[in-house]
Amino acid sequence: MVKIQALSYVVAQSTDVSRWRQFGEQVLGTQTADAPDAGLYLKMDERQFRLAVVKGGEDRYLVSGWEVADAAAFKSAVETLQQAGVKLQDGDAALCKARCVKALVKFADPAGNQHELGWGYDGGSVPFKSPVGVRSFKTGKYGVGHTVLPALPFDETLKFYREVLGFGLSDVFNFQPAPDAPVIRLYFLHAASGRHHSVALAEMPSPSGCVHIMVEVEDQAEVDRAELRREKNGAKLMATLGQHENDKMTSFYLLTPGNFALEYGWGGISVDPATWQTTYTKQVSIWGHDFSVGFS
Ligand SMILES: [Fe+2]
């Protein structure tokens, strides 16, 4: 099996990169820098970027970028993916340079989500200094955060993540939006570094390519300040402040310029992949998280 450490980065596509620059600096509190081919990097820690924006014809989510520990883990991952019959494309020198890795392969999962899997970050190390005073994002070995991806067909996609990509199952939530509505399965999966979930699979379509991504800060004050910046800058609220039952994250949701939501939170738990027993939660949130505001 592949042994993924963490969600290293995500890539969005944009028709107007300047919107992401403003959103990154003024709302999220990231630094920004020009990226190759008129793209943009959003910097959240000492790395060059954790969110890359590339120019294109749609405003959407494009790629989930995964990292493995070293060259040996990368070689083993490539062999595993090949044995599973996954069509791989080698990242060329320009792509590896743009993503700041020594090597990567590209592939799609059974639901058509695009992935890059690489090793060997080599984009330098420069301290993070937020333009709006965010002290730090929780990244490091835990990666950028998590991503929630559309997963249809669900069973085949879940099998791929568990049996080929090697994710552990942290939590299962069978979401029933209304008493007579069909159940939507949401499965939360952890990688080796143990963030409660680095990815969740959602049994639903998502036109923008992603249900949401999550970034994490240090404490409630940082989340409150982000909510004030969201309001001041006119970014759309997608869910009010609340706390999730499964990973205990306290967060709110807002709409990104990529037409997918972003969860801005703090206090998420970690799991020990060696001993964690899958939980079965009964509700999205312990309190708060009114998602109806996103439909207005
Ligand atoms: Fe989330």
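**What about the overall build of the protein chain?**
Next, step 1: Helix and strand counts for the protein chain come out as five helices and 18 strands.
Next, step 2: With the C-alpha coordinates aligned to their principal axes, the bounding extent of the protein chain is approximately 45 × 45 × 35 Å.
Next, step 3: Split into buried and exposed, the 296 residues of the protein chain put 48% on the buried side.
Next, step 4: Of all intrachain contacts in the protein chain linking residues separated by at least 6 positions in sequence, the fraction that spans at least 24 positions is 67%.

**Structural notes on the domain arrangement of the protein chain**
Next, step 1: The domains assigned to the protein chain are domain 1 (6-121) and domain 2 (141-295).
Next, step 2: When each unit is reduced to the centre of its C-alpha atoms, the spacing between domain 1 and domain 2 is 19 Å.
Next, step 3: Counting residues at the interface gives 29 residues for domain 1, matched by 36 residues for domain 2.
Next, step 4: Contributing elements (two or more residues each) for the side of domain 1 that touches domain 2: strand E1 (6-14), helix H1 (17-28), strand E5 (60-67) and helix H2 (71-83).
Next, step 5: A per-element tally of the side of domain 1 that touches domain 2 places E1 first, with seven residues.
Next, step 6: Of the residues belonging to the side of domain 1 that touches domain 2, the class tally is 17 nonpolar, seven polar and five charged.

**Some thoughts on the sheet that holds strand E14 (residues 237-244)**
Next, step 1: With mixed pairing, the ten strands of this open sheet are ordered in space as E17-E10-E11-E12-E9-E13-E16-E15-E14-E18. Bordering the open sheet on either side are strand E17 (279-281) and strand E18 (285-288), each of which pairs with just one other strand. If you compare each strand with its neighbour and ignore which way they point, the axes differ by 20 degrees on average.
Next, step 2: As judged from the four bridges shared by strand E11 (residues 184-190) and strand E12 (residues 199-202), these two strands associate in the antiparallel manner. Note on E12: the bridge partner recorded for Leu189 is Val199.
Next, step 3: Each of strand E10 (168-175), E11 and E12 is contacted by helix H4 (residues 154-164), which is oriented at about 165 degrees to E12, the strand it contacts most.

**A closer look at unusual backbone geometry**
Next, step 1: Of note, the bond from Leu152 into Pro153 is cis; its omega dihedral lies within 30 degrees of zero at 5 degrees.
Next, step 2: Looking at the secondary structure, you find Pro153 in the loop between strand E9 (146-150) and H4.
Next, step 3: In the Ramachandran plot, Asp37 falls in the positive-phi region, its phi being about 55 degrees despite a non-glycine side chain.
Next, step 4: Residue classification places Asp37 among the exposed residues on the basis of 9 C-beta atoms within 10 Å.
Next, step 5: Even without glycine at this site, Cys100 takes up a positive phi of about 60 degrees.

**Side note on the environment of Leu95**
Next, step 1: Take Leu95: it is sitting in helix H3 (residues 93-99).
Next, step 2: The spatial distance from the C-alpha of Leu95 to the C-alpha of Lys129 is 26 Å, given a sequence separation of 34 residues.

**Describing the pairing of E9**
Next, step 1: Burial of E9 is extensive: five of the five residues sit out of reach of the surface.
Next, step 2: In this structure, E9 lies alongside strand E13 (residues 212-217), joined through three bridges in antiparallel fashion. Each residue of the ladder has a partner; that of Val148, found in E13, is His212.
Next, step 3: Bridge analysis of E9 against E12 gives four bridges, and the strand direction is parallel. Note that in E12 the partner of Leu149 across the bridge is Leu201.

Thresholds, definitions, all that
Residues numbered from 1 in each chain as written. Predicted model: local features only at pLDDT ≥ 70, side-chain atom pairs only at ≥ 80, totals over all residues. Helix = DSSP H or I, 4+ residues; strand = E, 2+ residues; numbered from the N terminus. Buried ≥ 20, exposed ≤ 12 C-beta atoms within 10 Å, placed from the backbone. Contact = placed C-beta atoms within 7 Å. Domains from an automatic or database assignment. Nonpolar A, V, L, I, M, F, W, Y, C, P; charged D, E, K, R; others polar. Pairing = 2+ DSSP bridges. Axes fitted to C-alpha atoms, helices over the stretch in contact; angles between N-to-C directions.

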